[in-house]
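# Observations on the model geometry
So the chains spell out like this:
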Amino acid sequence: DRGDAVSVTSFFRITHVTNTGSAFGLLQGQSGFLMLASVIGVLAVIFYYRANGRESLLLRVALGLVMGGALGNFADRLFRGAVVDFIDVQIWSGFHWPSFNIADSSLLIGLTMLAFYVMRQREPRVREAIEQSSMPVTDGDGKA
């Protein structure tokens, strides 16, 4: 039942919570918008994968996690009308991190890996652009 909780450790519980919004309870009651955003996100992942997916295992795993998380939350919204969150972590006495689920974790980990991949890919191009645009240092007579 909704709200039922089972303590696993002193700081971790399994709690049945439904969320009609997005992360941290934002956009409550905006399921239609969030479902549309999920569809757009899934299409963007497919497009990005088709353009770049064979480049790296890291990229394929990141995109797979993002896709899985988006589809998982989309399915909950479609069939249940809300996302079921069940992981409840108490950071310190009296403060609980907002409840979340495996799909949320998958999205966060996948997006973090994707950001790492994109930054790693950009670094060599930035270094190359700097090297190509650098002019040799000369003394006052034009000699290097």
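Residues numbered from 1 in each chain as written. Predicted model: local features only at pLDDT ≥ 70, side-chain atom pairs only at ≥ 80, totals over all residues. Heavy atoms only, no water.

## As for the nonpolar core
With 10 residues, the main nonpolar core is built from Val42, Val45, Leu59, Ala62, Leu63, Val66, Met67, Ala70, Leu114 and Tyr117. Taken together, the elements giving at least two residues each to this core come down to α1 (31-52), α2 (57-80) and α3 (102-133). Of all the elements, α2 adds the most residues to this core, at six residues. With residues up to four places along the chain from it excluded, the contact list for alanine 62 reads Gly110, Met113 and Leu114. (Core = buried A, V, L, I, M, F, W, Y, C linked by side-chain atoms within 4.5 Å. Buried < 20%, exposed > 50% of the residue type's maximum accessible area, 1.4 Å probe, protein only. Helix = DSSP H or I, 4+ residues; strand = E, 2+ residues; numbered from the N terminus. Contact = heavy atoms within 4.5 Å.)

## A few points about α2
Along its 24 residues, α2 runs 34 Å from first to last C-alpha, staying within 8% of the 34 Å computed at 1.5 Å per residue. Inspection of α2 places Leu59, Ala62, Leu63, Val66, Met67, Gly69, Ala70, Asn73, Asp76 and Arg77 among the buried residues, and these make up the whole buried set. Looking one or two residues beyond α2, the residue adopting positive phi is glycine 81, at roughly 85 degrees. (Expected span 1.5 Å × (residues − 1).)

## Points about the side chain of serine 31
The residue serine 31 is located in helix α1 in this model. Excluding its chain neighbours within four sequence positions, the residues that come into contact with serine 31 are Thr20, Arg77 and Gly81.

## What to know about the packing of α1 against α2
Running from amino to carboxyl end, α1 crosses α2 at an angle of 155 degrees, the nearest separation of the two axes being 10 Å. In terms of orientation, α1 and α2 fall into the roughly antiparallel class. Both α1 and α2 take part in a crossing whose hand is left-handed. Along the contact surface, α1 presents Ser31, Leu34, Met35, Ser38, Val39, Val42, Val45, Ile46, Tyr48, Tyr49 and Asn52, while α2 presents Leu59, Arg60, Leu63, Val66, Met67, Ala70, Leu71, Phe74, Arg77 and Leu78. By residue class, the composition of the contact of α1 with α2 is 16 nonpolar, three polar and two charged. (Axes fitted to C-alpha atoms, helices over the stretch in contact; angles between N-to-C directions. Parallel < 35°, antiparallel > 145°, perpendicular 65-115°, else oblique. Left-handed = near helix turned anticlockwise from the far one by under 90°. Nonpolar A, V, L, I, M, F, W, Y, C, P; charged D, E, K, R; others polar.)

Treat this as a map of the structure, not an account of what it does.
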